[in-house]
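Take a look at the letters that make up each chain.
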Amino acid sequence: MSVWQLLLVGLVMVLGLVGVLVPGVPGRWLVWAGMLWWSLHVQTGLAWTLLVASTVVLLVDQVVVWQLPPRRIREVGVMPKLAVWAGTGALLGFVVLPVVGAIPGFIGGIYLSERRRLGGHGPAAASTRAVMRAVGTSVLVELFASLLVVGAWLGAVVWG
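Thresholds applied
- Residues numbered from 1 in each chain as written.
- Predicted model: local features only at pLDDT ≥ 70, side-chain atom pairs only at ≥ 80, totals over all residues.
- Heavy atoms only, no water.
- Helix = DSSP H or I, 4+ residues; strand = E, 2+ residues; numbered from the N terminus.
- Rg over C-alpha atoms; globule rule 2.2 N^0.38 Å.
- Contact = heavy atoms within 4.5 Å.
- Areas by Shrake-Rupley, 256 points an atom, 1.4 Å probe, with all protein chains shown as cover.
- Lys, Arg positive; Asp, Glu negative; His and termini not counted.
- Charge placed at Lys NZ, Arg CZ, Asp CG, Glu CD.
- pLDDT = per-residue confidence, 0-100.
- Expected span 1.5 Å × (residues − 1).
- Buried < 20%, exposed > 50% of the residue type's maximum accessible area, 1.4 Å probe, protein only.
- Arc of directions from axis to C-beta.

The helix and strand inventory of the protein stands at 7 helices and 0 strands. For the protein, the sequential pattern of α-helices and β-strands runs α-α-α-α-α-α-α. Since a compact globule built from 160 residues should have a radius of gyration of about 15 Å, the 16 Å found for the protein is in line with a globular shape. Each of the three principal axes of the protein carries a C-alpha extent, and together these read 50 × 30 × 25 Å. For the protein, long-range pairs separated by at least 24 residues make up 66% of all intrachain contacts whose partners lie at least 6 apart in sequence. Approximately 8900 Å² of the protein is accessible, and the part contributed by carbon and sulfur atoms is 74%. Positive and negative side-chain charges in the protein, numbering 10 and 4 respectively, have mean positions lying 8 Å apart.

Listed below in structure tokens is the structure:
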């Protein structure tokens, strides 16, 4: 696979990660489509194993999200900036503390956004809890699964 194709696959996966944070965009399926594209071109045992594993992870993720309460974005007043902060925090957490760091990074990003908006620790902590109850849990589950798939792909490209 050429460098340009790898960059395009990576771009599709990054768009999928961003799509997880944007309501109405099929983010996890863009991540899966990037993995499918890469697997069809590389055609190695590792590529097929990652495709199957990512399919299983994303399907389990879909079932888990269906079991969570529905998203109530309007009730809490979630702003687009909050999604950017949460996504950035999750990505930084995923890089700093591989895999499990995405969870505290996501919550920390929400808290920092709310702290900047509301000014104090008490209101920011209360708002963070409200956001996590309303939308954060389902977005976090979907983002975490997508980050796992992208991280596995990146690891296979770099070290495989």
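After that view of the structure, there is still more to cover.
Attention now moves to the confidence of the model for the protein. Of all residues in the protein, 95% have pLDDT values of 70 or greater, and the mean over the chain is 89. Mean pLDDT values over the elements of the protein span from 62, in helix α4 (residues 73–76), up to 95, in helix α2 (residues 27–42).

Let us look at helix α5 (residues 80–96). Helix length check: α5, at 17 residues, gives a terminal C-alpha distance of 24 Å against a target of 24 Å (1.5 Å per residue), a fit within 8%. Those residues of α5 lying buried are L82, A86, G87, G89, A90, G93 and F94. Buried residues along α5 cover an arc of 160° about the axis, so they all sit on one side. Opposite its buried face, α5 presents the exposed residues P80, K81, V84, L92, V95 and V96, each directed more than 90 degrees away. Those residues of α5 that are buried lie in contact with α1 (3–21), α6 (102–118) and α7 (121–159).

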